[in-house]
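Chain by chain, the residues run as shown.
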Amino acid sequence: MSRLPFTASLLSIALLLSACGDEQPANSQTSAATPAATIQNATPSPAPEQAAAVVNQYASLAFAVFSDALSSAEALQGAINQLLAEPNEANLQLAREAWLVARKPYLQSEVFRFGNPVVDDWEGQLNAWPLDEGLIDYVSVDYQAALGNPGAQANIIANPQLQIGEDQIDLTEITPDLLASLNELGGSEANVATGYHAIEFLLWGQDLHGSNPGAGERPASDFAADASCTGGHCERRREYLKAATTLLISDLRFMVGQWQADKPDNYRAQLQAEPANSGLRKMLFGMGSLSLGELAGERMKVALEANSTEDEQDCFSDNTHNSHFYDAKGIRNVYLGEYRKLDGSTLSGPSLSGLLAAVDAPADQQLRDELAATEASLQKIVDSAEQHNQHFDQLIAADNQAGQQLIRDAIAALVKQTASIEKAASTLELSGLRADTADHQF
């Protein structure tokens, strides 16, 4: 699961352990930071110019994906501004729809986290979850917060001052910087004040339906600027939503700049200055890390085994089916060297698939087939939600055996493709990827 930024890159940890002869995965209190693959014993191959072309395409994919994430976030900001100007149900629905659109490119960017510290150290401010929403706003009387969280019911929107232990925090003016400073308040990872999920909670409110049909049902009147205000403190709620969206866009602009071509001092330039095989290893590391420990383990298996709606990713909006689908799409994009942009055009170029096909065409076809099979399995979960109104939180219900099987099938497909990612790395003589289960049994 995504958490707030940590200080060391996953790839650096993996390489350090390999160099020391220690093949155990790095420990972390942040489950999202658990690497799903440890890189070891790298040897040069393929040809440097071929590898460099693939790494350059990888960087171009990242630039395109983050650019789409930025433009869709800007569209979301426009919809939110319209909601705040005219707080009615139609405008609230438009803002929700804009949030759903904005998630699609962002989720396809998550494969760039692992191995690229500039992304990994940054992403928690945008996508940390699950969160104790009582930190942000009002919640139901039977709200189940994380144990020992001092900010679990701080309700920033209702309170201009907050006491945490001996510290009093001034919340009078809700700004992007203030919200960023409140992440992990009191040392609790459940205190998430920013990012997509904070905005999601503000737009939908709590999903109080459990494993029954239905998402959050916040009324538009919670954002009213007059006496029709519901939920109390509407002006501060409006300020919070505006500040959180402003911060999201600022963060995305930063990341777009890191992947822009022909900038001598950004991350892309740093990546391309490294030996090309280093970039290839990062690509495979990212694919394996997201595929197994993160998506199959933290995002799907945890919720399934606990029948826990609190552990589904897009829990307020019931968009988790798309969340998982587009995460897997991102893995496939990197392998194939292609990305379908929001404008409908497709960016394609040199790929890991092409490198592998040149030395072992059957292995390439096998991995292609398994990536397609994973997408097909996750498409069934999407179809369940969109065609049969059976969303992820209903599929994981203890008495929904057919729904649980859909999720098990998707997990199995992710596990299988991870083995082929390992095989691809070995065949290319780049590295041996030993998949880390993130402490899950598959």
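Residues numbered from 1 in each chain as written. Predicted model: local features only at pLDDT ≥ 70, side-chain atom pairs only at ≥ 80, totals over all residues. Heavy atoms only, no water.

(A) Fine view of the nonpolar core. Within the largest apolar cluster, 96 residues are counted, with the highest numbers of intra-cluster contacts made by Leu203, Tyr240, Leu252, Trp259 and Leu352. Ignoring sequence-local partners within four residues, the contact set of Tyr240 consists of Ile136, Ile156, Ile157, Ile174, Leu179, Ala193 and Leu202. By size, the runner-up hydrophobic cluster in this structure holds 19 residues, among which are Leu304, Phe325, Tyr326 and Ile381. (Core = buried A, V, L, I, M, F, W, Y, C linked by side-chain atoms within 4.5 Å. Buried < 20%, exposed > 50% of the residue type's maximum accessible area, 1.4 Å probe, protein only. Contact = heavy atoms within 4.5 Å.)

(B) A look at unusual backbone geometry. The omega torsion across Trp129 and Pro130 is -15 degrees, close enough to zero to call that bond cis. Inspection of the secondary structure assignment puts Pro130 in the loop between α5 (124–127) and β2 (161–164). Notably, Asn307 is not glycine yet its phi reads approximately 45 degrees, a positive angle. With respect to the helices, strands and loops of the structure, Asn307 is situated in the loop between α10 (276–306) and α11 (320–336). (Helix = DSSP H or I, 4+ residues; strand = E, 2+ residues; numbered from the N terminus.)

(C) Quick look at the packing of aromatic side chains. Taken as a whole, this structure holds ten aromatic pairs when the rule is applied. Ring centres 5.0 Å apart and planes at 40 degrees place the aromatic pair Tyr58 and Phe112 in the tilted group. Of the two residues, Tyr58 is situated in helix α2 (residues 48–85) and Phe112 in the loop between α3 (89–108) and α4 (117–120); the sequence distance between them amounts to 54 residues. The residues Tyr58 and Phe112 share a single accessibility class, namely buried. (Phe/Tyr/Trp six-rings, centres within 6.5 Å; stacked < 30°, edge-to-face > 60°.)

(D) Structural view of the packing of helix α12 (residues 352–359) against helix α13 (residues 361–388). Their axes nearest at 6 Å, the elements α12 and α13 cross at an angle of 145 degrees. From α12, Ser353, Leu356, Ala357 and Val359 reach across to α13, where they touch Ala361, Ala363, Asp364 and Arg368. Across the contact of α12 with α13, the residue classes break down as five nonpolar, one polar and two charged. (Axes fitted to C-alpha atoms, helices over the stretch in contact; angles between N-to-C directions. Nonpolar A, V, L, I, M, F, W, Y, C, P; charged D, E, K, R; others polar.)

(E) Just the pairing of β2, in detail. The two faces of β2 differ: Leu162 and Ile164 on one face are buried, but Gln161 and Gln163 on the other face are not. By the bridge criterion, four bridges tie β2 to strand β3 (residues 167–170) in an arrangement that is antiparallel. Bridge pairing in β3 places Gln163 opposite Gln168. Counting the residues between successive antiparallel strands, the hairpin from β2 to β3 contains two residues, one of them, Gly165, with a positive phi of roughly 65 degrees. (Pairing = 2+ DSSP bridges.)

(F) Expanded view of the side chain of Ser140. Structurally, Ser140 can be placed in the loop between α5 and β2. Within the structure, Ser140 has its side chain in polar contact with the side chain of Asp142 (distance 2.7 Å). Among all residues touching Ser140, those that are not within four sequence positions of it are Gln206 and Leu208. (Polar contact = N/O pair within 3.5 Å; in protein donor to acceptor, adjacent residues only side chain to side chain.)

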